[in-house]
Amino acid sequence: MVQAWFMKENWSGDQREEHHMQPPEFVDLDTLFKLTLVEHFKVNESDPINDELLNTIKKERGYSYEDEIICSKECLPNYESKLKMFFEEHLHTDEEIRLVLEGSGYFDVRDGVNDKWIRIKVEPGDLLIIPKGIYHRFTLDTNNFIKAKRFFVGEPVWTPHNRPADNMDCRKEYLNQISC
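Residues numbered from 1 in each chain as written. Predicted model: local features only at pLDDT ≥ 70, side-chain atom pairs only at ≥ 80, totals over all residues. Heavy atoms only, no water.

1. Quick notes on the overall build of the protein chain
- Looking only at helices and strands, the protein chain features 4 helices and 11 strands.
- Over its C-alpha atoms the protein chain spans a radius of gyration of 16 Å, differing by no more than 12% from the 16 Å that the globule rule assigns to 180 residues.
- Counting only C-alpha atoms and orienting by the principal axes, one finds that the protein chain spans roughly 40 × 40 × 30 Å.
- Expressed as a percentage of the 180 residues in the protein chain, the buried residues total 46%.
- Of all intrachain contacts in the protein chain linking residues separated by at least 6 positions in sequence, the fraction that spans at least 24 positions is 75%.
- Within the structure as shown, the protein chain displays about 9500 Å² of accessible surface, and the carbon and sulfur contribution to it stands at 47%.
- Charged side chains in the protein chain number 23 positive and 34 negative. The centres of these two groups are separated by 3 Å. (Helix = DSSP H or I, 4+ residues; strand = E, 2+ residues; numbered from the N terminus. Rg over C-alpha atoms; globule rule 2.2 N^0.38 Å. Buried < 20%, exposed > 50% of the residue type's maximum accessible area, 1.4 Å probe, protein only. Contact = heavy atoms within 4.5 Å. Areas by Shrake-Rupley, 256 points an atom, 1.4 Å probe, with all protein chains shown as cover. Lys, Arg positive; Asp, Glu negative; His and termini not counted. Charge placed at Lys NZ, Arg CZ, Asp CG, Glu CD.)

Written out as structure tokens, the structure reads:
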């Protein structure tokens, strides 16, 4: 089961650690959606590609292109610089859709109400849909390995727009949606 929690303010140290508040403040999936519009689905981790729910979501949302990414020291060219780039707070003009096939990691998203970080731990079978216009970032956990499918509508676009990007239309649309 996916876990999400508010992150400790002004943490220091390794970004791959959990960084819980003391005491920990967990966020259930309904609250996560209300605060961020992030969607989570659990698919069959032993056969995710043939999962009925995944195929329905792909069809309904028009995901027509997919690829795989492996993040590890052995498999990711320019590993250190890529991890640094993934962890830089940014947004995208399209949804970010990830299905974890192997390994684990964290997606951090900004709470749309108080602008606090919520950390989402993802593991095999977790399908996360991060809406366009939300500030977020990604990091591996201490296992230092994740293999994930990435889904796109049409040709892949993965251009990060680092914060501040509040003047972008996708950001304004996101803020309008979250306020409703």
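2. Examining the side chain of Arg137
- Relative to the helices and strands, Arg137 resides in strand E9 (residues 136–140).
- A distance of 2.8 Å separates the side chain of Arg137 from the side chain of Asp108, its partner in a polar contact.
- Ignoring sequence-local partners within four residues, the contact set of Arg137 consists of Met7, Trp11, Phe86, Phe87, Glu88, His90, Tyr106, Phe107, Asp108 and Trp117. (Polar contact = N/O pair within 3.5 Å; in protein donor to acceptor, adjacent residues only side chain to side chain.)

3. Section: the packing of aromatic side chains
- If you walk through the whole model with that rule in mind, you get 7 aromatic pairs.
- On the numbers, 6.1 Å between centres and 75° between planes, the contact of Trp5 with Phe26 is edge-to-face. One end of the pair, Trp5, is in strand E1 (residues 3–6); the other, Phe26, is in the loop between E1 and helix H1 (29–36), and 21 residues separate them in sequence.
- On the basis of an interplanar angle of 65° and a centroid distance of 6.3 Å, the ring pair of Phe86 and Phe138 is categorised as edge-to-face. Of this pair, Phe86 sits in helix H3 (residues 79–87) while Phe138 sits in strand E9; the two residues are 52 residues apart in sequence, bridging distant segments of the chain. (Phe/Tyr/Trp six-rings, centres within 6.5 Å; stacked < 30°, edge-to-face > 60°.)

4. Describing the nonpolar core
- Ile118 and Ile120 are the most contacted members of the largest nonpolar core, which totals 29 residues.
- Those residues in contact with Ile120 that lie beyond four places of it in its chain are Val2, Gln3, Ala4, Leu32, Val38, Gly105, Tyr106, Phe107, Val109 and Leu128.
- Ranked by size, the runner-up nonpolar core spans 10 residues in total, among them Tyr63, Leu99, Leu101 and Ile129. (Core = buried A, V, L, I, M, F, W, Y, C linked by side-chain atoms within 4.5 Å.)

5. A closer look at the UniProt feature "binding site: Ni(2+)" (unreviewed entry) in the protein chain
- UniProt's feature table lists "binding site: Ni(2+)" (unreviewed entry) at His90, His92, Glu96 and His136, given in the numbering used throughout. Maximum C-alpha separation among the annotated residues is 11.7 Å over a sequence range of 47 residues, consistent with a single clustered spot.
- When you line up the elements, His90 lands in strand E4 (residues 90–91).
- Classification of His90 by relative accessible area gives buried; the value is 2%.
- Among all residues touching His90, those that are not within four sequence positions of it are Glu96, Ile134, Tyr135, His136, Arg137, Trp158, Pro160, His161, Asn162 and Arg163.
- For His90, the side chain forms a polar contact with the main-chain oxygen of Glu88, separated by 2.6 Å.
- By the element assignment, His92 lies in the loop between E4 and strand E5 (96–103).
- Excluding its chain neighbours within four sequence positions, the residues that come into contact with His92 are Lys132, Gly133, His136, Trp158, Thr159, Pro160 and Cys170.
- A polar contact is formed between the side chain of His92 and the side chain of His90, at a distance of 3.2 Å. (UniProt positions renumbered as here; feature names shortened; annotations may be inferred.)

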